[in-house]
Amino acid sequence: MKKLFLPFLAIVIFMSESILVDLWPKNAWYQDYLFAPRFLFVFILLITVYVTRTYGMIYGFIFGLLYDVVYTEILGVYAFAFTLMAYVMEKAMKIFHNHLAVTCFLSMLAIMMLEFYVYGIQLLIGETDMPIDQFNSHRLLPTLLINVIFLFLFSYPLKQWLLKFGRDEREE
């Protein structure tokens, strides 16, 4: 039963992103700025750091592909990015101290890289014509803000639970 809780939690987090966007107040500020919650991506990065790289990369690929199917017209953009960033996060954590503040900082850096990657792909295929300065102020900064709030609220409880899950997995 405990093994099923990790995928269940990932699915709940995946669904919570779209629910948050639907419930977000639709005022004039919402029209000008685009908030992209990347809660699932952060969760995958935390899995990579606190459980194993293999789990992080598998969840990154599966949920990245699910992200592609549900939210984009191009298959593989998020599947590749989530998997690659899980791998890079694991390599970065070998260099840096495995502290929650460092993990949160690297997660925010990974979100920035993901946003620039998706923006570049969209620009390359002609899906967007947003200039880079507008992207930075109207999409990147609001996205970082909402994800910092998520990290502030949920990173410690998720870390504790994932560490316990990782210990249980290693004991089996």
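Residues numbered from 1 in each chain as written. Predicted model: local features only at pLDDT ≥ 70, side-chain atom pairs only at ≥ 80, totals over all residues. Heavy atoms only, no water.

Trainee: Sorry, what's going on with the nonpolar core here?
Mentor: For soluble globular proteins, the rule of thumb is that nonpolar side chains tend to be buried together. Leu-40, Phe-41, Phe-43, Phe-82 and Leu-162 are the most contacted members of the largest nonpolar core, which totals 48 residues. For this core, the elements supplying multiple residues, two or more each, are α1 (2-23), α3 (39-50), α4 (53-71), α5 (77-95), α6 (100-125) and α7 (132-171). With 11 residues, the top contributor of residues to this core is α3. Other than its neighbours up to four places away in sequence, Phe-41 contacts Glu-17, Phe-82, Met-85, Ala-110, Ile-111 and Leu-114. (Core = buried A, V, L, I, M, F, W, Y, C linked by side-chain atoms within 4.5 Å. Buried < 20%, exposed > 50% of the residue type's maximum accessible area, 1.4 Å probe, protein only. Helix = DSSP H or I, 4+ residues; strand = E, 2+ residues; numbered from the N terminus. Contact = heavy atoms within 4.5 Å.)

Trainee: What am I meant to see in a nonpolar patch on the surface here?
Mentor: A contiguous nonpolar surface patch, about 810 Å² in accessible area, is contributed by Ile-58, Phe-61, Ile-62, Leu-65, Leu-66, Val-69, Val-70, Tyr-71 and Leu-75. Within the secondary structure, Leu-75 is located in the loop between α4 and α5. Judged by relative accessible area, Leu-75 falls into the exposed class, the value being 58%. (Patch = residues over 30% accessible without salt bridge, like charges linked within 9 Å, V, L, I, M, F, W, Y side chains within 5 Å. Areas by Shrake-Rupley, 256 points an atom, 1.4 Å probe, with all protein chains shown as cover. Salt bridge = Lys/Arg side-chain N within 4 Å of Asp/Glu carboxyl O.)

Trainee: Can you help me understand α5 in this one?
Mentor: The periodicity of an α-helix, 3.6 residues per turn, causes residues three or four positions apart to be oriented the same way. The first and last C-alpha atoms of α5 sit 27 Å apart over 19 residues, in line with the 27 Å expected at 1.5 Å per residue. The complete set of buried residues in α5 reads Val-77, Tyr-78, Ala-79, Ala-81, Phe-82, Thr-83, Met-85, Ala-86, Met-89, Glu-90, Ala-92 and Met-93. Of the surrounding secondary structure, the elements contacted by the buried residues of α5 are α3, α4 and α6. (Expected span 1.5 Å × (residues − 1).)

Trainee: Honestly, the environment of Met-130 in this entry has me stumped. Any pointers?
Mentor: In this structure, Met-130 sits in the loop between α6 and α7. A relative accessible area of 23% places Met-130 in the partly exposed class. In this structure, the C-alpha to C-alpha distance between Met-130 and Phe-96, residues 34 residues apart in sequence, is 35 Å. Setting aside anything within four residues of it in sequence, one finds Met-130 in contact with Tyr-119, Leu-123 and Phe-135.

Trainee: Would you take a moment to explain the packing of aromatic side chains for this structure?
Mentor: Given two aromatic rings, their pairing is described by the distance between the two centres and the angle made by the two planes. All chains considered together, the criterion is met by 18 aromatic pairs. Geometrically, the ring pair formed by Phe-5 and Phe-8 is tilted, given 6.2 Å between the ring centres and 40 degrees between the ring planes. Here Phe-5 and its partner Phe-8 are both found in helix α1, 3 residues apart, which amounts to about one turn of the helix. Look at Phe-80 and Tyr-117: their rings are 6.2 Å apart centre to centre, the planes differ by 50 degrees, and that puts the pair in the tilted class. Of the two residues, Phe-80 is situated in helix α5 and Tyr-117 in helix α6; the sequence distance between them amounts to 37 residues. On the basis of relative accessible area, Phe-80 is assigned to the partly exposed category, the value being 48%. We classify Tyr-117 as partly exposed; its relative accessible area is 27%. (Phe/Tyr/Trp six-rings, centres within 6.5 Å; stacked < 30°, edge-to-face > 60°.)

Trainee: Quick question: what am I supposed to make of α4 here?
Mentor: Over its 19 residues, α4 runs 25 Å from end to end, which matches the ideal 27 Å to within 8%, given 1.5 Å per residue. If you check which residues of α4 are buried, you get Gly-56, Tyr-59, Gly-60, Phe-63, Gly-64, Tyr-67 and Asp-68. All buried residues of α4 project into a common sector of 165 degrees when viewed along the axis, lining one side. Against α1, α3 and α5 lie the buried residues of α4. (Arc of directions from axis to C-beta.)

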